[in-house]
Amino acid sequence: MADTPKHSVSVAGIVIRDDGRILAIQRRDNQHWEPPGGVLELDETFEAGVRREVREETGVEVEVERLTGVYKNLPRGIVAMVFRCHPRSEAVSSTDEASCIGWLTVDEITEHMDPAFAIRVTDALSDGPITRTHDGTNLITA
């Protein structure tokens, strides 16, 4: 059992306004655009983790609707569970983790985000849930 690989579990929220725009952050650490999310804490449910991460990174309170996909970063062993959400409040302009916060169109998402993160948004717009693997930037197909 000592050789059993360790995985990190993350959660992310695809927050969609009534006008179809999607909440996105530009991360302070690498300047990449991504949906808000992060590591799930040991003592919280998936939904509580999504609500906490979205609030910490954007100031937005959300209602978690449903699981839309599960994604694995193969090189880093990170499993991300992604949930579609509805906003209950407005975003702030920046936070400790996000240098910029915006409500983007799907076209802007696919233009600004790496494929491994943009697909999470487009998957959330389908019936899902979907499972995918990636290398941190690009999708890996079977």
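Here's a quick rundown of the structure. Quantities reported herein were computed from a predicted structural model and do not represent experimental measurements.

1. Description of helix 3 (residues 115-124)
Phase 1: Of all 10 residues making up helix 3, 8 are buried, and the element is well covered by its neighbours.
Phase 2: What helix 3 keeps buried is the set Ala116, Phe117, Ala118, Ile119, Arg120, Val121, Asp123 and Ala124.

2. Brief notes about unusual backbone geometry
Phase 1: Its identity as a non-glycine residue notwithstanding, glutamine 31 has a phi of 65 degrees, on the positive side.
Phase 2: Relative to the helices and strands, glutamine 31 is located in the loop between strand 2 (22-27) and strand 3 (33-34).
Phase 3: Classification of glutamine 31 as partly exposed rests on a relative accessible area of 39%.

3. Quick word on the pairing of strand 1 (residues 8-15)
Phase 1: With 6 of its 8 residues buried, strand 1 lies for the most part within the structure.
Phase 2: Pairing between strand 1 and strand 6 (residues 78-87): 8 bridges, direction parallel. Note on strand 6: the bridge partner recorded for valine 9 is valine 79.
Phase 3: Of the strand pairs in this sheet, strand 1 and strand 4 (residues 37-39) are connected by 3 bridges, and their pairing is antiparallel. Looking at strand 4, one finds that serine 10 is bridged to valine 39.

4. Looking at the pairing of strand 6
Phase 1: Of all 10 residues in strand 6, 9 are buried, a share of seventy percent or more.
Phase 2: Strand direction decides the pairing type here: strand 5 (residues 62-73) and strand 6, joined by 10 bridges, are antiparallel. Directly across from leucine 67, in strand 6, lies its bridge partner phenylalanine 83.
Phase 3: Adjacent in sequence and paired antiparallel, strand 5 and strand 6 are bridged by 4 residues, among which glycine 77 carries a positive phi angle near 65 degrees.

Rules behind the numbers
- Residues numbered from 1 in each chain as written.
- Predicted model: local features only at pLDDT ≥ 70, side-chain atom pairs only at ≥ 80, totals over all residues.
- Heavy atoms only, no water.
- Buried < 20%, exposed > 50% of the residue type's maximum accessible area, 1.4 Å probe, protein only.
- Helix = DSSP H or I, 4+ residues; strand = E, 2+ residues; numbered from the N terminus.
- Pairing = 2+ DSSP bridges.

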